[in-house]
Amino acid sequence: MPIVNQIDLDISEFQKKVYQYDEKTNLFLGGGRGGAKTYLAALLAVLHCLKYKNKAHVAYVREYVRSLDEFRSHVEEICSHIAYKIVFPVSGKVVDFVTYNITDKKFKFFNGAEILLAQLRDDKDYSKFHGISYSLIIVDEICEFTEGQFTNLVDKLKTCLRGDPLVSRRLIYLANP
């Protein structure tokens, strides 16, 4: 049974439809504000981490650091829900399902998976990604990037999608028109 059914999250029909896409399919999620695209991206990131364990390396990218908090909050909410719905009933206790290092802006899961939250505004920010492999890269508010930033920074992130051939690699763009 897919884990999304086990955790019993209240997700919209749109979110259910997107969840059904093959995880090797890159996605562009566009639409008006309030469509829960960022929540869906957080859910996809957490599920990716649960499935691929220590081989899952996720990067969530936005232009501004202050904008990372919403995604962080969604990941924490989803993980809390999973811990109480799945982990607690099986083990009788809530373990450190996931921890968040505020300095590194990184979630570390009990199984070794990681989600990095990062700013991407210039070459200095991009240099933090260069040479690192990610299995899932999520770029939120893609419309906030200038054409130059997209060409010189965001587009280059695709070169970081590499790693174990048994792990699906995916790029997800989110935008409000």
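The structure displayed is predicted, hence computed values, not measured ones.

Peer 1: Break down the overall build of the protein chain for me, with residues and values.
Peer 2: For the protein chain, the helix and strand inventory stands at 6 helices and 7 strands. For the protein chain, the N- to C-terminal ordering of α and β elements is α-α-β-α-β-α-β-β-β-α-β-α-β. Accessible surface, the protein chain: about 9400 Å² in total, of which carbon and sulfur atoms supply 51%.

Peer 1: Tell me about the pattern of salt bridges, residues and numbers included.
Peer 2: Applying the stated criterion to the full structure yields 13 salt bridges. The partner of Asp155 in a salt bridge is Lys158, with the nearest N and O atoms 2.7 Å apart. Judged by relative accessible area, which is 29%, Asp155 ranks as partly exposed. On the basis of relative accessible area, Lys158 is assigned to the partly exposed category, the value being 41%.

Peer 1: Before we move on, can you summarise the pairing of strand β7 (residues 170–175) with the specific residues and values?
Peer 2: β7 sits mainly inside the fold: 6 of its 6 residues count as buried. The two faces of β7 match: Arg170, Ile172 and Leu174 on one face and Leu171, Tyr173 and Ala175 on the other face are all buried. Across 4 bridges, strand β1 (residues 27–30) lies against β7 in parallel orientation. Among the inter-strand pairings, Leu27 is bridged to a residue of β7, identified as Ile172.

Peer 1: Lay out the nonpolar core with the relevant residues and their values.
Peer 2: Val46, Phe71, Phe109, Ile115 and Ile138 are the most contacted members of the largest nonpolar core, which has 38 residues in total. Listing elements by their share of this core, those giving two or more residues are β1, α3 (37–52), β2 (57–62), α4 (68–91), β4 (106–109), β5 (114–119), β6 (136–139) and β7. Beyond its immediate sequence surroundings of up to four residues, Ile138 is in contact with Ala41, Ala45, Val58, Ala59, Tyr60, Val61, Phe71, Ile172 and Leu174. The next biggest cluster of nonpolar side chains, apart from the first, holds 20 residues, and it includes Ala118, Tyr126, Phe129 and Leu153.

What counts as what
Residues numbered from 1 in each chain as written. Predicted model: local features only at pLDDT ≥ 70, side-chain atom pairs only at ≥ 80, totals over all residues. Heavy atoms only, no water. Helix = DSSP H or I, 4+ residues; strand = E, 2+ residues; numbered from the N terminus. Areas by Shrake-Rupley, 256 points an atom, 1.4 Å probe, with all protein chains shown as cover. Salt bridge = Lys/Arg side-chain N within 4 Å of Asp/Glu carboxyl O. Buried < 20%, exposed > 50% of the residue type's maximum accessible area, 1.4 Å probe, protein only. Pairing = 2+ DSSP bridges. Core = buried A, V, L, I, M, F, W, Y, C linked by side-chain atoms within 4.5 Å. Contact = heavy atoms within 4.5 Å.

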